[in-house]
Protein chains: 2
Amino acid sequence: MNFTIHARDSTTRARTGTVETPHGSYQTPVFMPVGTKAAVKTMAPGDLKAAGVEIILGNTYHLSLRPGDESVERLGGLHRFMAWDRPILTDSGGYQVFSLTKLRKISDEGVEFRSHIDGAKVFFSPERVLEIQRRLGSDIWMPLDEPSPYPCEKADVEKAALRTKKWWDRCRQPTDGRALFGIVQGAIFPDLRKQCVEQIAENDPPGFSIGGLSMGEPATVLHEITDLTAALLPDSKPRYLMGAGTPVDIVRAVMSGVDMFDCILPTRFGRTGWAFTSEGILKIRNKKYEFDEKPVDPACKCPCCLQFTRAYLRHCFRMNEIIGVRMLSIHNVSFYMELMRRIRQGIRDGRLEELLKEVEVTGPPLRGRLEG
Amino acid sequence: MNFTIHARDSTTRARTGTVETPHGSYQTPVFMPVGTKAAVKTMAPGDLKAAGVEIILGNTYHLSLRPGDESVERLGGLHRFMAWDRPILTDSGGYQVFSLTKLRKISDEGVEFRSHIDGAKVFFSPERVLEIQRRLGSDIWMPLDEPSPYPCEKADVEKAALRTKKWWDRCRQPTDGRALFGIVQGAIFPDLRKQCVEQIAENDPPGFSIGGLSMGEPATVLHEITDLTAALLPDSKPRYLMGAGTPVDIVRAVMSGVDMFDCILPTRFGRTGWAFTSEGILKIRNKKYEFDEKPVDPACKCPCCLQFTRAYLRHCFRMNEIIGVRMLSIHNVSFYMELMRRIRQGIRDGRLEELLKEVEVTGPPLRGRLEG
């Protein structure tokens, strides 16, 4: 893996560059749509490419259960299986496993849990998690980690961080151009974040993930911890903020020096009838769109906006016509891709602050508006 | 509407030609995928065009309830609403209304029924049904008719046929190039079929629909009644067999002189995990496809078969990933379109018999196999 920085913002830590992987390169800052079970929900590879997607995320936990990493390997790897020939990053499964609070048993060896599908007993060790990712054939791997919930006692976070460090020391970098990132935990405690960065950096990984955020903490905390953690990470390596976020989260984190993002927001919102637009979030089922002949976002040139009216999409959602969920997913992913293009341009032009102000008005999915 | 016959089979009544409509022309024999609620389920207009679809069917009954024919008219008509710029045929709603056996009240005036959605009282008269289709802006219209169920007493069929004739006499041909077909009822009774043809033909409509079949009768009865009815219809007008069928139904009916078909089979089968292939029907969830790296149909060049393996599609169906239902729908519609191309070529080459033998082996969705 190779990371080249092309331009920097003069007033923040933001930078734009290129990451090269065995399946081609992608430009940073980058957003990775989430393809949990070997599919970015409702979207075909062609839809993703048309939207400008350069890298997607796959879920180690889900894929190891169904269809199983051995099956995926036998079928030629995840790229061939899902007909996606561009880069894939896989997560560690840690986040999913530690969400199964009642079903897991953790030790320094690893974590034992029961499958959410059929209750079968499964064991994830640091080595096993890398084996899964090797079989999947993804380009960028994550090590097994223990994220702490929010809120959390500092003593528990310390214990989790120590365990994550022990697991990390058992990981070896993959060969043939694949890259294993280090994951920085430490929850919302600055001194623990610093300690984690130092521990992870010892092994000099090709990239750093900021884990343990987007766990329900307020946006200000997310931004603050991201900022102080990113500042501690080596400038020459890509930084990946796991699981965030909203357009505001993304622009702010870019200003803190983050290069990579993944989030279920655009696809989950699309499937549930919410559209990101240049004028704010829009709920397509709303009665007021019954006769609205405008596209979802008049400023957008995606296949959804070029073809369909709000009135038609509203009809499809009411009638459960699948074209509706697919088109809003396509639109939202296209919206995110356009946001990332504007971020990269904003870094080159020194106009990031302007963009931040814009998304602070239009971008954040405010809870009140989403439930309205 | 204009119908031109280009070639005829020398041993059967089969012919191939072109029908011109206000939204362009289509080649016959033609298959029309069903777009009940302003969408061919799971498929976008681009998917339909890529498959070679030249005309689709819309449902008058469903569209009049949701979003309503007035709404569709206000939104620029059905073509603009669903972003489909090629021809659309709409049915009369008769079939749907008469399926609501418990909810309807029929008289010479028309038929009163309760909406299957909210129980609201609705009245369809022959004039109302044409008004709906005018507002939808479809290219080919059907008149209100009363299909008889199968099986049915001859006396009841006679009564229904008489009423259909009275309704038909109240219909006027639309202007601006739209075409209102006549519908021939008469169930499985040859003398009633003949009587209906004569009554309908009096008004010299631009096309003839054969209604009241695909109502559960055996395939031999379907083929026999289609054959004798088609033989009675004027050679110069397109003949449309409503609601049939399987590949065998289609090839047989083409040999009887039928030019147009619609059926939910390819799309419904696709959504429920069944694929038509050159080697027979395939149930994609079957365990035996777990590691099958072949496309659904190795002889097919559709976007599904060019991209995905049986193993991947099986995974998508098991995981409820929407790309699975969409891809099998695309495949099945592509399969039907290829069948129609081969039928048209078969007419020109005198090889229809050969094609019939082939689909008799691979094509029919035998009940035993479908439930297996």
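Structure shown above.
Residues numbered from 1 in each chain as written. Chains lettered and ligands numbered in written order. Predicted model: local features only at pLDDT ≥ 70, side-chain atom pairs only at ≥ 80, totals over all residues. Heavy atoms only, no water.

(A) Just the overall build of chain A, in detail. A count of helical and extended segments in chain A gives 16 helices and 18 strands. Taking 372 residues into account, the globule formula puts the C-alpha radius of gyration at 21 Å, and chain A, at 20 Å, falls close to it. Overall size of chain A, expressed as C-alpha extent along the three principal axes, is 60 × 50 × 40 Å. Here chain A holds 372 residues, and the buried ones make up 61% of them. Sequence-distant contacts, at least 24 apart, represent 66% of the contacts inside chain A between residues at least 6 apart. (Helix = DSSP H or I, 4+ residues; strand = E, 2+ residues; numbered from the N terminus. Rg over C-alpha atoms; globule rule 2.2 N^0.38 Å. Buried < 20%, exposed > 50% of the residue type's maximum accessible area, 1.4 Å probe, protein only. Contact = heavy atoms within 4.5 Å.)

(B) Main features of the sheet that holds strand 15 (residues 239–241) of chain B. Residues and elements named next belong to chain B. With parallel pairing, the five strands of this open sheet are ordered in space as 4-16-15-14-13. Two strands close off the open sheet at either side, each with one partner strand: strand 4 (30–32) and strand 13 (182–184). Ignoring which end each strand starts from, the neighbouring axes of this sheet average 25° apart. With three bridges joining them, strand 4 and strand 16 (residues 260–262) adopt parallel strand pairing. Its bridge partner being in strand 16, V30 is matched across the sheet by M260. (Pairing = 2+ DSSP bridges. Axes fitted to C-alpha atoms, helices over the stretch in contact; angles between N-to-C directions.)

(C) Seen up close, empty space enclosed by the protein. All told, the structure shown has five cavities of 30 Å³ or more when counted by the stated rule. If you go around the largest cavity, the residues you meet are S148(B), P149(B), Y150(B), P151(B), C152(B), A187(B), I188(B), F189(B), G212(B), L213(B) and E217(B). (1 Å grid on protein atoms, 1.4 Å probe; cavity = no way out; pocket = protein on both sides within 12 Å on 5 of 7 lines; lining within 4 Å. Points joined across faces, edges and corners; volume = space filled by probe spheres on them.)

(D) Quick peek at the pairing of strand 1 (residues 2–8) of chain B. Residues and elements named next belong to chain B. Of the pairings in the sheet, the one linking strand 1 to strand 2 (residues 15–21) comprises six bridges and is antiparallel in character. Among the inter-strand pairings, T4 is bridged to a residue of strand 2, identified as T18. Linking strand 1 back to strand 2 in an antiparallel pair, the connection comprises six residues.

(E) Expanded view of the environment of P266(B). Residues and elements named next belong to chain B. Positionally, P266 belongs in helix 11 (residues 265–271). Under the relative-accessibility criterion, P266 is labelled buried at 1%. The sequence separation of P266 and E131 amounts to 135 residues, and the corresponding C-alpha distance is 30 Å. In this structure P266 touches F31, F276, N332, V333 and Y336, once residues within four positions along its chain are discounted.

(F) Main features of unusual backbone geometry. Residues and elements named next belong to chain A. Cis rather than trans, the peptide bond between R66 and P67 has omega equal to 0°. In this structure, P67 sits in the loop between helix 2 (60–65) and helix 3 (69–74). At D204, a position not held by glycine, the phi torsion is positive, near 50°. Residue placement: D204 occurs in the loop between helix 8 (190–201) and strand 14 (208–210). Look at D204 and you get exposed, because its relative accessible area is 52%. Even without being glycine, N320 reaches a positive phi, approximately 55°. Mapped onto the secondary structure, N320 falls in the loop between helix 13 (310–318) and helix 14 (322–349). On the accessibility criterion, N320 (63% relative accessible area) is exposed.

(G) Spatial organisation of the packing of helix 13 (residues 310–318) of chain B against helix 14 (residues 322–349) of chain B. All names here are of chain B. Their axes nearest at 7 Å, the elements helix 13 and helix 14 cross at an angle of 125°. As far as their axial angle goes, helix 14 and helix 13 are oblique. The handedness of the crossing between helix 13 and helix 14 comes out as left-handed. Facing helix 13, whose interface residues are Y312, L313, C316 and F317, helix 14 presents I323, G324, V325, M327 and L328. Its residues assigned to classes, the contact of helix 13 with helix 14 shows eight nonpolar, one polar and no charged. (Parallel < 35°, antiparallel > 145°, perpendicular 65-115°, else oblique. Left-handed = near helix turned anticlockwise from the far one by under 90°. Nonpolar A, V, L, I, M, F, W, Y, C, P; charged D, E, K, R; others polar.)

(H) View of the nonpolar core. Core analysis: the biggest nonpolar cluster contains 200 residues, and F124(A), I343(A), F124(B) and I343(B) have the highest contact counts within it. Filtering out sequence-adjacent residues up to four positions away, F124(B) remains in contact with Y61(B), S64(B), S92(B), G93(B), V97(B), G110(B), V111(B), F113(B), V129(B), I132(B) and L144(B). (Core = buried A, V, L, I, M, F, W, Y, C linked by side-chain atoms within 4.5 Å.)

(I) Region of interest: the side chain of S64(A). Residues and elements named next belong to chain A. You can see S64 is positioned in helix 2. For S64, the side chain forms a polar contact with the main-chain oxygen of Y61, separated by 2.8 Å. If we ignore the near neighbours within four places in the chain, the residues touching S64 are D69, F124, R128 and I132. (Polar contact = N/O pair within 3.5 Å; in protein donor to acceptor, adjacent residues only side chain to side chain.)

(J) Inspection of the relation of the copies chain B and chain A at higher detail. If you rotate chain B by 180° and push it 0.0 Å along the axis, it lands on chain A with an RMSD of 0.0 Å. Such a combination of rotation and displacement between the chain copies is what one expects of a two-fold axis. In terms of proximity to the rotation axis, the leading residue of chain B is I322(B), whose C-alpha is 4.0 Å off the axis. Taken together, the interface assignments show that 100% of the residues at the interface of chain B recur at the interface of chain A, consistent with an identical surface on both copies. (Least-squares fit on C-alpha atoms with pLDDT ≥ 70 in both.)

(K) Region of interest: the sheet that holds strand 13 (residues 182–184) of chain A. All names here are of chain A. With parallel pairing, the five strands of this open sheet are ordered in space as 4-16-15-14-13. Bordering the open sheet on either side are strand 4 (30–32) and strand 13, each of which pairs with just one other strand. Within this sheet the neighbouring strands show an average axis-to-axis angle of 25°, counted without direction. In this structure, strand 15 (residues 239–241) lies alongside strand 16 (residues 260–262), joined through two bridges in parallel fashion. Bridge pairing in strand 16 places Y240 opposite M260.

(L) Highlighting the packing of aromatic side chains. Taken as a whole, this structure holds 16 aromatic pairs over all chains when the rule is applied. Summarising the aromatic geometry, the rings of F113(A) and F124(A) are spaced 5.0 Å apart at their centres and angled 85° between planes, so their arrangement reads as edge-to-face. With F113(A) in strand 9 (residues 110–114) and F124(A) in strand 10 (residues 121–124), this pair connects stretches of sequence that are 11 residues apart. Taken individually, F113(A) and F124(A) each receive the classification buried, so the pair is uniform in this respect. For the ring pair F31(B) and Y336(B), a centre distance of 4.6 Å and an interplane angle of 50° mean the geometry is tilted. Of the two residues, F31(B) is situated in strand 4 and Y336(B) in helix 14; the sequence distance between them amounts to 305 residues. Taking relative accessible area as the criterion, F31(B) reaches 1% and is therefore assigned buried. For Y336(B), a relative accessible area of 0% puts it in the buried group. Here a set of aromatic residues connected by ring pairs shows up, and it is made of F31(A), F269(A), F276(A), F335(A) and Y336(A). Lying over the aromatic face of F291(B), R74(A) brings its terminal NZ or CZ to 3.5 Å of the ring centre. (Phe/Tyr/Trp six-rings, centres within 6.5 Å; stacked < 30°, edge-to-face > 60°. Lys NZ or Arg CZ within 6 Å of the ring centre and 35° of its normal.)

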